[in-house]
Amino acid sequence: MARVAVVTGGTRGIGAAISKALKDAGYKVAATYAGNDAAAEKFKSETGIPVYKWDVSSFEACADGIKKVEAELGPVDVLVNNAGITKDGAFHKMTQESWHAVVNTNLGSLFNMTKPVIDGMRSRKFGRVINISSINGQKGQFGQVNYSAAKAGDIGFTKALALENAKLGITVNVICPGYINTEMVQAVPKDVLEKSILPLIPVGRLGEPEEIARAVLFLAADDAGFVTGSTLTVNGGQYHA
Ligand code: NDP
């Protein structure tokens, strides 16, 4: 029977590539999103992948959302915690609002989304939790105290949860992408991208969303059961933690 995968933020950018790759590999996929209905509808009509709208920073919304997905597709075997946002600014100017929004969306979401699926994975003795962190959670980034803190938290979450569930057929891993060609990176001013970011990437280009999806497929596979608690960097050689 096809395994069921949920991809948060699965309708755009890296998440959309992950959703499509999982579907092509035979998974039954649910792609979630926050509010961009137009992008979600376009994604759904192009791929045939069902989309679900809820805010991953809300514990209650995640519990309700997972209930709906499981009623429609079946128990969740693979959870890809991909949804994320940035709200950049120097720390001395950073507001509490931007701190909370970024930490709750990028890190709180791992708690909110994993809670409603972990008991089922534990009782079925199979599960794959794959978290999408960032190079900037590994090395820190100017103007991203909130984002770097949240993404570093994703790595700690992964390592601890992996230990707790290692004997139950559940793996928990984290991918740290470098700079990937999505709207999030296209929002970076062109001169900053060309002068300050591209020269730091040994491969000499941005990564493509499909290159992150490739890593997710590897970690999601049934025969990847010995890979757990690991941090997989996919960054064109830019940084080695
Ligand atoms: P995009 O901005 O292109 O897409 C983000 C997706 O997440 C959208 O589907 C969006 O929904 C969804 N989302 C955002 N906030 C919420 C929320 N509160 N609840 C539910 N869904 C939400 O991002 P990317 O594809 O660039 O990034 C994906 C992940 O990869 C993020 O975690 C990001 O931090 C990480 N990453 C990205 C890098 C890059 O270079 N792009 C580098 C390193 C890490 P909607 O469409 O409704 O807005």
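Residues numbered from 1 in each chain as written. Predicted model: local features only at pLDDT ≥ 70, side-chain atom pairs only at ≥ 80, totals over all residues.

- As recorded by an unreviewed UniProt entry, the chain carries the name Beta-ketoacyl-ACP reductase and is attributed to Tardiphaga alba.
- Under Sequence similarities (unreviewed entry), UniProt gives the following word-for-word description of the chain: "Belongs to the short-chain dehydrogenases/reductases (SDR) family." (UniProt positions renumbered as here; feature names shortened; annotations may be inferred.)

**Some points on the overall build of the chain**
Then step 1. Within the chain, the regular secondary structure consists of 9 helices and 7 strands.
Then step 2. By the compact-globule yardstick of 18 Å for 241 residues, the chain fits well, its C-alpha radius of gyration being 17 Å.
Then step 3. Structurally, the chain occupies a C-alpha span of about 50 × 40 × 35 Å along its principal axes.
Then step 4. Put simply, the chain has 241 residues, and 44% of those count as buried.
Then step 5. Expressed as a percentage of contacts within the chain between residues at least 6 apart in sequence, the contacts between residues at least 24 apart total 71%. (Helix = DSSP H or I, 4+ residues; strand = E, 2+ residues; numbered from the N terminus. Rg over C-alpha atoms; globule rule 2.2 N^0.38 Å. Buried ≥ 20, exposed ≤ 12 C-beta atoms within 10 Å, placed from the backbone. Contact = placed C-beta atoms within 7 Å.)

**Notes on the UniProt feature "domain: Ketoreductase" (unreviewed entry) in the chain**
Then step 1. If you check UniProt for "domain: Ketoreductase" (unreviewed entry), the listed places come out as residues 3-183 in our numbering.
Then step 2. Secondary structure across residues 3-183 comprises 52% helix and 17% strand; the distance between its end C-alpha atoms is 30 Å.

**Considerations on unusual backbone geometry**
Then step 1. Of note in this structure, lysine 125 is not a glycine but carries a positive phi near 60 degrees.
Then step 2. Looking at the secondary structure, you find lysine 125 in the loop between helix 4 (96-124) and strand 5 (127-132).
Then step 3. For lysine 125, a count of 10 C-beta atoms within 10 Å puts it in the exposed group.

**Observations regarding the packing of helix 4 against helix 6 (residues 145-165)**
Then step 1. One way to put it is that helix 4 packs onto helix 6 with a least axis distance of 8 Å and a crossing angle of 15 degrees. Taken together, the axes of helix 4 and helix 6 are roughly parallel relative to one another. Relative to helix 6, helix 4 is oriented so that their crossing is right-handed. In this structure, helix 4 contributes Ser98, Trp99, Val102, Val103, Asn106, Leu107, Leu110 and Arg122 to the contact, and helix 6 contributes Asn146, Tyr147, Ala149, Ala150, Lys151, Gly153, Asp154, Phe157 and Asn165.
Then step 2. Counted by class, the contact of helix 4 with helix 6 contains 9 nonpolar, 5 polar and 3 charged residues. (Axes fitted to C-alpha atoms, helices over the stretch in contact; angles between N-to-C directions. Parallel < 35°, antiparallel > 145°, perpendicular 65-115°, else oblique. Left-handed = near helix turned anticlockwise from the far one by under 90°. Nonpolar A, V, L, I, M, F, W, Y, C, P; charged D, E, K, R; others polar.)

**A short note on the site of the ligand**
Then step 1. In the region of the ligand, 30 residues are neighbours, and Gly9, Gly13, Asn36, Gly84 and Met184 sit closest.
Then step 2. Among the secondary structure elements, those contributing two or more residues to the shell around the ligand are helix 1 (13-24), strand 2 (28-33) and helix 7 (183-186).
Then step 3. Classifying every residue of the shell around the ligand gives 13 nonpolar, 14 polar and 3 charged. (Near = placed C-beta within 6 Å.)

**Examining the sheet that holds strand 6 (residues 170-177)**
Then step 1. Here 7 strands make up an open sheet; going across it, the order is 3-2-1-4-5-6-7 and the pairing parallel. The two strands at the open ends of the sheet, each matched to only one other strand, are strand 3 (51-53) and strand 7 (231-234). Across the sheet, the mean angle separating the axes of adjacent strands is 20 degrees when strand polarity is ignored.
Then step 2. Pairing analysis gives 6 bridges linking strand 5 to strand 6, with the strands arranged parallel. When the sheet's bridge partners are listed, asparagine 131 is paired in strand 6 with valine 174.
Then step 3. Contacts from helix 2 (residues 37-47) reach strand 2 and strand 3 within the one sheet, and its direction differs from that of strand 3 by about 160 degrees. (Pairing = 2+ DSSP bridges.)

**Here's the deal with the environment of tyrosine 27**
Then step 1. Within the fold, tyrosine 27 resides in the loop between helix 1 and strand 2.
Then step 2. Once the C-alpha coordinates of tyrosine 27 and isoleucine 130 are considered, the two residues, 103 residues apart in sequence, prove to be 15 Å apart.
Then step 3. Those residues in contact with tyrosine 27 that lie beyond four places of it in its chain are Ala2, Arg3, Ala5, Leu22 and Val78.

**Here we look at the confidence of the model for the chain**
Then step 1. When pLDDT is averaged along the chain, the result is 97, and 100% of the positions lie at 70 or above.
Then step 2. On the interface metric, ipTM, the complex scores 0.99, and its pTM is 0.98. (pLDDT = per-residue confidence, 0-100.)

**Here's the deal with the packing of helix 1 against helix 9 (residues 209-220)**
Then step 1. At a minimum axis separation of 8 Å, helix 1 and helix 9 run at an interaxial angle of 50 degrees. When the axes of helix 1 and helix 9 are compared, the pair comes out oblique. Regarding helix 1 and helix 9, the two cross each other, and that crossing is right-handed. Together, Gly13, Ile14, Ala16, Ala17, Ile18, Ala21 and Leu22 of helix 1 and Pro209, Glu210, Ile212, Ala213, Val216, Leu217 and Ala220 of helix 9 make up the contact between the two elements.

**Some words on the environment of valine 56**
Then step 1. Tracing the backbone shows valine 56 in the loop between strand 3 and helix 3 (59-73).
Then step 2. As a C-alpha pair, valine 56 and leucine 110 span 54 residues in sequence and 8.3 Å in three-dimensional space.

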